[in-house]
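Spelled out from the first residue to the last, the chains are:
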Amino acid sequence: MTLPLRTVTPAGPSSDRHQVLARRVRLLVAATITYNVIEAVVAITAGTMASSTALIGFGLDSIIEVSSAAAVAWQFAGPDPEAREKVALRVIAVSFFALAIYVTVESVRALAGGPDAEHSRTGLVLAALSLAIMPVLSYAQRRAGRELGSRSAVADSKQTLLCTYLSAVLLVGLGVNSLFGWAWADPIAALVIAAVAAKEGREAWRGDACCVAPLTTPPTDTAAGGPGDSDAGACGCGPGCSCCTTDAT
């Protein structure tokens, strides 16, 4: 009697590929930290001068993104990055929550009678630049993180992607205020930033890695109709995830 053939899938990237991906993540993290330090200084300075809660919140998000990227850099600096992953995810999540709380409080204060935000040309230029730069960094890190099977690298790439959304929100808020003099648009934009940050913090805390390949993949039995027949099972995706077929954003 002939037994069914068993097709064993690789447990992940090869050792050489793993090193290449880990090095790529470190370089992307370094680039993210460098840009965000500059962004934070410019945004907070310009926001303080213009009394803009949204612009200050955007600058604080840049600081938090630096702490998030630093957590991933710390993780991959050790001999066993997977062992440090949970701590890195917790740092990322707490950073999101801190931003959400601060921006919410400041936005409510502004809406309740705080100083009106003024026009900020520097803020508009900064938001436009971030809107162009951040998606590139986020995509590159997310792609490397998924192939590497690193939840923290993917979570940090989502932090970078969040900066793209926040740049768009900031650009709209500052633009409306500059064009029409609607000062309330600034704290409203800041509240949107807070809501998105809280959502991302919750997902990072749970270790949500819908589209991250597992660090180890169990053998599959295609002839027997086992779990290997499902692409979703092979790559670790949950229901509704599209990472097994495309590199979803």
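Our structure is the block above this text.
First, a word on scope: everything that follows refers to the structure included in this document. (Residues numbered from 1 in each chain as written. Predicted model: local features only at pLDDT ≥ 70, side-chain atom pairs only at ≥ 80, totals over all residues. Heavy atoms only, no water.)

1. Comments concerning the overall build of the protein chain
Link 1 in the chain: Within the protein chain, the secondary structure is distributed over 7 helices and 0 strands.
Link 2 in the chain: Summarising the internal contacts of the protein chain: among those between residues at least 6 apart in sequence, 78% fall at separations of at least 24.
Link 3 in the chain: On the protein chain, roughly 12100 Å² of surface is accessible, and the fraction owed to carbon and sulfur atoms is 66%. (Helix = DSSP H or I, 4+ residues; strand = E, 2+ residues; numbered from the N terminus. Contact = heavy atoms within 4.5 Å. Areas by Shrake-Rupley, 256 points an atom, 1.4 Å probe, with all protein chains shown as cover.)

2. Focus: the nonpolar core
Nonpolar side chains tend to gather and get buried jointly when the protein is soluble and globular.
Link 1 in the chain: Membership of the largest hydrophobic core comes to 41 residues, with the highest contact counts inside it found for Val25, Leu55, Phe58, Val72, Phe76, Ile92 and Leu170.
Link 2 in the chain: Of all the secondary-structure elements, those providing two or more residues to this core are helix 1 (15–50), helix 2 (53–77), helix 3 (85–111), helix 4 (121–148), helix 5 (151–180) and helix 6 (185–206).
Link 3 in the chain: If one sorts the elements of this core by residue count, helix 1 sits on top with 8 residues.
Link 4 in the chain: Ignoring any residue separated from it by four or fewer positions in sequence, one finds Leu55 in contact with Ala43, Ala46, Gly47, Ser120, Gly123, Leu170, Leu174 and Asp186. (Core = buried A, V, L, I, M, F, W, Y, C linked by side-chain atoms within 4.5 Å. Buried < 20%, exposed > 50% of the residue type's maximum accessible area, 1.4 Å probe, protein only.)

3. Section: the pattern of salt bridges
Link 1 in the chain: If you walk through the whole model with that rule in mind, you get 2 salt bridges.
Link 2 in the chain: In this structure, Glu106 and Arg109 form a salt bridge, with 3.1 Å as the shortest nitrogen-oxygen distance. Of the two residues, Glu106 and Arg109 both sit in helix 3, 3 residues apart, roughly one turn of that helix.
Link 3 in the chain: Accessibility expressed as a relative area gives 22% for Glu106, which makes it partly exposed.
Link 4 in the chain: The salt bridge partner of Glu203 is Lys199, with a shortest N-O separation of 2.9 Å. Taken as a pair, Glu203 and Lys199 lie in helix 6 at a separation of 4 residues, close to a single helical turn.
Link 5 in the chain: You can call Glu203 buried: its relative accessible area is 12%. (Salt bridge = Lys/Arg side-chain N within 4 Å of Asp/Glu carboxyl O.)

4. Considering helix 3
Link 1 in the chain: The end-to-end C-alpha distance of helix 3 is 39 Å, a good match for the 39 Å that 27 residues give at a rise of 1.5 Å each.
Link 2 in the chain: Listed as buried for helix 3 are Glu85, Ala88, Leu89, Ile92, Ala93, Ser95, Phe96, Leu99, Ala100, Val103, Ser107 and Ala110.
Link 3 in the chain: In the core, the buried residues of helix 3 are packed alongside helix 2, helix 5 and helix 6.
Link 4 in the chain: The first or second residue beyond helix 3 is Gly113, which carries a positive phi of 130°. (Expected span 1.5 Å × (residues − 1).)

5. Section: the environment of Thr48
Link 1 in the chain: With respect to the helices and strands, the residue Thr48 is situated in helix 1.
Link 2 in the chain: The exposed category is assigned to Thr48, whose relative accessible area is 51%.
Link 3 in the chain: Put simply, Thr48 and Ala117 are 69 residues apart on the chain and 9.5 Å apart in space, counted from C-alpha to C-alpha.
Link 4 in the chain: Among the polar contacts listed, one links the side chain of Thr48 to the backbone oxygen of Ile44, at a separation of 2.7 Å. (Polar contact = N/O pair within 3.5 Å; in protein donor to acceptor, adjacent residues only side chain to side chain.)

6. Digging into the side chain of Ser157
Link 1 in the chain: Secondary-structure assignment places Ser157 in helix 5.
Link 2 in the chain: Look past the residues within four positions of Ser157 in its chain and what remains in contact with it is Ser138, Gln141 and Arg142.

7. Overview of a nonpolar patch on the surface
Link 1 in the chain: A grouping of Leu111, Leu179, Phe180, Trp182, Trp184, Ile188 and Val192 is seen on the molecular surface, where their side chains present a nonpolar patch of about 740 Å² in accessible area.
Link 2 in the chain: For the nonpolar patch, the secondary structure elements donating two or more residues are helix 5 and helix 6.
Link 3 in the chain: As for its placement among the helices and strands, Leu179 is situated in helix 5. (Patch = residues over 30% accessible without salt bridge, like charges linked within 9 Å, V, L, I, M, F, W, Y side chains within 5 Å.)

8. What to know about the environment of Ala185
Link 1 in the chain: Structurally, the position occupied by Ala185 is in helix 6.
Link 2 in the chain: Distance in space between the C-alpha atoms of Ala185 and Leu170 is 9.6 Å, their sequence separation being 15 residues.
Link 3 in the chain: Those residues in contact with Ala185 that sit more than four places away from it in its chain are Gly173 and Val176.

9. Some points on the packing of aromatic side chains
The description of two aromatic rings rests on the distance between their centres and on the angle between their planes.
Link 1 in the chain: Under the counting rule described, the total for this entry stands at 2 aromatic pairs.
Link 2 in the chain: Consider the rings of Phe180 and Trp182, whose centres lie 4.9 Å apart with planes at 25°: the pair is stacked.
Link 3 in the chain: Through successive ring pairs, a cluster of aromatic residues spans Phe180, Trp182 and Trp184.
Link 4 in the chain: Over the face of the ring belonging to Trp205 we find Arg90, whose NZ or CZ atom lies 4.1 Å from the ring centre. (Phe/Tyr/Trp six-rings, centres within 6.5 Å; stacked < 30°, edge-to-face > 60°. Lys NZ or Arg CZ within 6 Å of the ring centre and 35° of its normal.)

10. Description of the packing of helix 1 against helix 4
Link 1 in the chain: Look at helix 1 against helix 4: their axes get within 10 Å of each other, and the N-to-C directions meet at 160°. Classed by the angle they form, the pair helix 1 and helix 4 counts as roughly antiparallel. For helix 1 against helix 4, the interelement crossing comes out left-handed.
Link 2 in the chain: Taken together, the residues of the contact of helix 1 with helix 4 break down into 18 nonpolar, 6 polar and 4 charged. (Axes fitted to C-alpha atoms, helices over the stretch in contact; angles between N-to-C directions. Parallel < 35°, antiparallel > 145°, perpendicular 65-115°, else oblique. Left-handed = near helix turned anticlockwise from the far one by under 90°. Nonpolar A, V, L, I, M, F, W, Y, C, P; charged D, E, K, R; others polar.)

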